[in-house]
Amino acid sequence: MFAKLLIANRGEIACRIIRTAKRLGIHTVAVYSEADRDALHVEMADEAVAIGPAAAAHSYLDIAKIVAAAKSTGADAVHPGYGFLSENAAFARALEKEGITFVGPNPRAIEAMGDKIESKKLAAKAKVSTVPGHLGVIDTAKDAVKIAEEIGFPVMIKASAGGGGKGMRIAYSAKEVAEGFTSSKSEAKSSFGDDRVFIEKYIEEPRHIEIQVLGDKHGNIIHLGERECSIQRRNQKVIEEAPSPFIDAKTRAAMGAQAVALSKAVGYDSAGTVEFIVDKKRNFYFLEMNTRLQVEHPVTELVTGLDLVEQMLKVAAGDKLAIKQKDVTLKGSAVEARVYAEDPTRNFLPSTGRLVRYQPPKLGTEKGVTTRLDSGVEEGGEISVYYDPMIAKLVTHASKRLQAIEQMGRALDAFAIDGFRHNIPFLAVLMRNERWRDGRLSTKFIAEEFPEGFQPSAPKGEVRDALIAVAASIDHLSNQRRRAITQQMHGEPVRFAVTRIVQLGEELNRVTVEGGPDGPMVVTMGGKGTGERQRRVTLESSWWFGASVWEGTVDGKPAAMQVRPILNGTSLIFQGVEVPVRVFTEAEAELEALMPVKEKPDTSKFLLCPMPGLVVSLAVCEGQAVAAGDPLCVVEAMKMENVLKAERDAKVSKILAKPGDSLNVDAVILEFA
Ligand code: ADP
């Protein structure tokens with residue numbers, strides 16, 4: 001085994017690799033950019049080497065710097081993680097030349113699978129089912145139309161060098177093929193410097209299901225079952241699971257056999273993933289092979305009981321695979337949710353900032369249910385604009401799929417992150433989605449279930465009752481606490497009415513609370529005069545003031561809620577529903593109704609920065625008249641340029657930002673007259 005391992009990555013995957021290396025007694029070396037000086041992976045590693053500025057091109061993607069770091073620290077192996085240099089054959093070769101082991105497949109396998117056209121040809125030769133299509137390079141739009149007509153509509157036009165969903169177009173007609181061909185070609189040219197495109201059949205409503213393979217340097221290759229990753233947003237995976245609820249043993253065996261055949265054909269010798277799309281009739285078609293560890297590998301680890309990083313290290317060191325295909329058994333179900341720093345209510349715009357609070361849910365295994373967190377940050381850390389906005393991966397495992405989903409829902413509810421917007425409310429709502437729970441999935445799932453994007457839903461049903469009850473119980477605790485203060489005035493005992501008015505958002509609810517603080521509390525709501533039937537909600541919790549998460553049971557069922565103090569009240573977040581709540585006595589509620597309502601400031605005269613970012617350019621000057629739709633300003637965030645446009649006809653009166661300014665969300669860029 002290796003003595004010293006350099007991890008050529010950052011964030012959660014660097015931390016995850018360090019953890020296994022430490023367990024195996026391997027000394028670890030981290031590399032870090034200027035932006036990551038205080039990052040968790042640097043702290044966790046035994047040694048750390050600075051490799052330059054924040055921009056990945058000059059640090060994490062710089063082969064020479066990383067090879068030099070490995071040489072100077074005497075590392076005998078390098079694990080590339082995913083992304084960055086993980087699928088870069090030149091990097092693997094550069095290390096090989098220095099006698100340092102690349103923990104991944106041999107460079108020939110990386111190259112063979114790096115090109116979509118070439119890998120499909122190889123797959124077809126290895127008798128792997130590929131999407132019906134044309135595997136030649138297409139030169140003209142006219143040829144493209146002819147080929148599309150032969151394949152039959154709809155078709156997909158793809159860039160051979162493509163990745164990350166770039167250069168892909170769907171076409172339903174000859175006209176769309178001609179247009180898509182031209183735009184895909186130019187996008188491929190500008191993104192990858194390679195304008196080869198090809199056409200294949202577009203599989204409608206497919207599911208994305210991939211097979212994990214594992215090979216050694218002695219020609220042994222096995223597969224570890226599948227992962228389903230159909231829940232995607234713009235070709236980005238959001239939720240992954242193993243096994244797939246759609247795949248039967250026969251299909252699994254067939255897909256596994258093909259994945260192994262393809263891996264053998266390219267002499268694969270590490271952990272890798274063969275991606276397929278699967279149609280409604282369980283026909284499956286090869287998409288591409290990823291020659292690295294995948295983001296979603298933990299779900300496979302939880303159902304197989306294997307540590308994939310350990311396996312990768314062992315085979316890289318020359319060991320034979322210790323497990324045979326027949327030893328691989330899949331136990332239970334695992335689900336992974338990717339926690340991103342992005343605002344789900346603002347079309348998932350990236351969000352950045354300081355992690356003011358970072359309190360993961362309870363981890364570990366309890367009653368056969370496991371909760372795992374792969375994370376690369378800690379409280380006080382920062383989410384910067386330079387890298388992928390993924391903060392952590394929450395993974396749960398149980399004997400049944402629905403149990404794992406239930407646990408994921410609860411763990412998300414109990415996960416406290418403050419300092420910027422994140423997608424936990426969206427993930428929490430997803431976990432309660434009927435179609436997801438039934439496993440009726442396709443890659444269109446999010447687009448179909450959230451056609452208008454994600455908007456936090458209004459509290460209703462049991463969720464609303466639980467919110468009202470918890471708010472009332474917190475108020476009740478506060479009264480009991482006040483009553484317990486010693487040396488209060490003698491004489492008349494202080495009396496507290498049991499009736500309270502809970503204001504949930506705008507609506508008022510009359511409730512009574514009994515019990516507590518050490519025993520259960522019963523909150524009664526609805527009934528006579530309210531137009532609602534009467535409900536009694538029983539709560540048990542040891543929540544106390546100051547805790548940001550309320551945990552306990554609601555009518556006997558475990559539940560968790562986020563609790564944050566706000567002006568004259570509390571903000572509660574439960575199952576993705578966020579509401580401000582205030583609790584009054586009846587007399588207070590009467591007076592409250594007389595209070596003037598503070599009006600929201602009118603921001604329609606301002607152009608506000610929709611996300612934290614850098615002003616690239618301004619398209620207008622003071623005094624200029626603009627029409628609705630005219631570009632006003634370009635703001636760069638997360639490597640993407642966003643053009644901000646005028647919403648209506650107006651005149652620019654004042655400009656407050658200039659190119660090069662780094663702005664916070666809602667900062668004023670310009671004012672209209
Ligand atoms: P990339 O390398 O850019 O990620 P992939 O080939 O892996 O591209 O495809 C990404 C996603 O696009 C897949 O997960 C699937 O949802 C969709 N997709 C790709 N090819 C097809 C196809 N022929 N028919 C339908 N959907 C497809």
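Residues numbered from 1 in each chain as written. Predicted model: local features only at pLDDT ≥ 70, side-chain atom pairs only at ≥ 80, totals over all residues. Heavy atoms only, no water.

A.B. asks: Before we move on, can you summarise the environment of Pro565 with the specific residues and values?
C.D. replies: Within the fold, Pro565 resides in strand E30 (residues 557-566). Its relative accessible area of 72% is what places Pro565 among the exposed residues. For Pro565 and Ser333, which are 232 residues apart along the polypeptide, the C-alpha to C-alpha distance reads 37 Å. (Helix = DSSP H or I, 4+ residues; strand = E, 2+ residues; numbered from the N terminus. Buried < 20%, exposed > 50% of the residue type's maximum accessible area, 1.4 Å probe, protein only.)

A.B. asks: Tell me about the sheet that holds strand E34 (residues 613-618), residues and numbers included.
C.D. replies: Strand pairing in a sheet takes place through backbone hydrogen bonds and is either antiparallel or parallel in direction. Spatially, the four strands line up as an open sheet ordered E37-E36-E34-E39, and their pairing is antiparallel. Of all the strands in the sheet, the pair left with one neighbour each is strand E37 (640-645) and strand E39 (662-663). The sheet contact formed by E34 and E39 spans two bridges and is antiparallel. Its bridge partner being in E39, Leu614 is matched across the sheet by Ser662. (Pairing = 2+ DSSP bridges.)

A.B. asks: So what about the nonpolar core? Which residues, and what values?
C.D. replies: If you look at soluble globular proteins, the nonpolar side chains tend to sit buried side by side. Core analysis: the largest hydrophobic core is formed by 39 residues, its most contacted members being Ile231, Ile239, Tyr358, Ile391, Ile417, Leu430 and Trp436. Of all elements in the fold, only strand E12 (236-242), strand E15 (333-340), strand E21 (369-375), strand E23 (390-398), helix H12 (401-413), helix H13 (424-431) and helix H15 (445-449) reach the threshold of two or more residues within this core. Looking at this core element by element, the count peaks at seven residues for H13. Ignoring anything within four residues of it in the chain, the contact list for Ile231 reads Gln236, Lys237, Val238, Ile239, Leu430, Trp436, Leu441, Phe445 and Ile446. Judged by nonpolar contacts, the second largest core, of 32 residues, contains Leu5, Ala271, Leu293 and Ile323. (Core = buried A, V, L, I, M, F, W, Y, C linked by side-chain atoms within 4.5 Å. Contact = heavy atoms within 4.5 Å.)

A.B. asks: Before we move on, can you summarise a nonpolar patch on the surface with the specific residues and values?
C.D. replies: A cluster of nonpolar side chains, Phe606, Leu656 and Val668, forms an exposed patch at the surface whose accessible area comes to about 210 Å². Tracing the sequence through the fold places Val668 in strand E40 (residues 668-672). Residue classification places Val668 among the partly exposed residues on the basis of a relative accessible area of 31%. (Patch = residues over 30% accessible without salt bridge, like charges linked within 9 Å, V, L, I, M, F, W, Y side chains within 5 Å. Areas by Shrake-Rupley, 256 points an atom, 1.4 Å probe, with all protein chains shown as cover. Salt bridge = Lys/Arg side-chain N within 4 Å of Asp/Glu carboxyl O.)

A.B. asks: Mind laying out helix H11 (residues 308-316), listing which residues take part and the relevant values?
C.D. replies: Across the nine residues that make up H11, a large majority, eight, are buried. Considered for burial, the residues of H11 that qualify are Leu308, Val309, Glu310, Gln311, Met312, Leu313, Val315 and Ala316. Phi turns positive, to about 100 degrees, at Gly318, one or two residues after H11.

A.B. asks: Summarise the pattern of salt bridges; cite the residues concerned and give the values.
C.D. replies: By the definition in use, this model includes 53 salt bridges. With a closest N to O distance of 2.8 Å, Lys362 and Glu366 form a salt bridge. Given a relative accessible area of 48%, Glu366 falls into the partly exposed group. Residues joined in a network through salt bridges with shared partners are Arg16, Arg23, Glu301, Asp307, Glu310, Lys314, Arg372 and Asp374.

A.B. asks: Can you lay out the site of the ligand for me, pointing to particular residues and giving the numbers?
C.D. replies: Close to the ligand lie 21 residues; Lys116, Lys158, Gly165, Glu200 and Glu288 are nearest. A distance of 3.3 Å separates an oxygen atom of the ligand from a polar atom in the side chain of Gln232. Side-chain polar atom of Asn235 to an oxygen atom of the ligand: 3.3 Å apart, as the coordinates give it. The protein chains hide 94% of the 550 Å² of surface that the ligand would expose on its own. Of all the secondary structure elements, the ones that give two or more residues to the shell around the ligand are strand E7 (155-159), strand E9 (197-201), strand E13 (271-278) and strand E14 (284-290). Residues belonging to the shell around the ligand are distributed by class as follows: eight nonpolar, seven polar and six charged. If you count residues domain by domain, the shell around the ligand takes at least three from each of domain 2 (132-201) and domain 3 (207-449). (Near = heavy atom within 4 Å. Polar contact = N/O pair within 3.5 Å; in protein donor to acceptor, adjacent residues only side chain to side chain. Nonpolar A, V, L, I, M, F, W, Y, C, P; charged D, E, K, R; others polar. Domains from an automatic or database assignment.)

A.B. asks: How would you explain the domain arrangement of the chain if you had to name every residue and give the values?
C.D. replies: Domain boundaries assigned for the chain yield domain 1 (4-103), domain 2 (132-201), domain 3 (207-449), domain 4 (461-482 + 498-592) and domain 5 (606-672). Taking only C-alpha atoms into account, the centre of domain 1 sits 23 Å from that of domain 3. Counting from both sides, the interface comprises 33 residues of domain 1 and, opposite them, 27 residues of domain 3. Counting every contact that joins domain 1 to domain 3 gives six salt bridges. The residue Asp307 makes a salt bridge to Arg23 at a minimum N-O spacing of 2.8 Å. Remark: the boundary between domain 1 and domain 3 carries eleven residue pairs in polar contact (both at pLDDT 80 or more). For the side of domain 1 that touches domain 3, the secondary-structure elements that each account for two or more residues are helix H1 (11-23), helix H2 (40-44) and strand E5 (101-102). With nine residues, the single largest contributor to the side of domain 1 that touches domain 3 is H1. Partitioned by chemical class, the residues of the side of domain 1 that touches domain 3 number 16 nonpolar, nine polar and eight charged.

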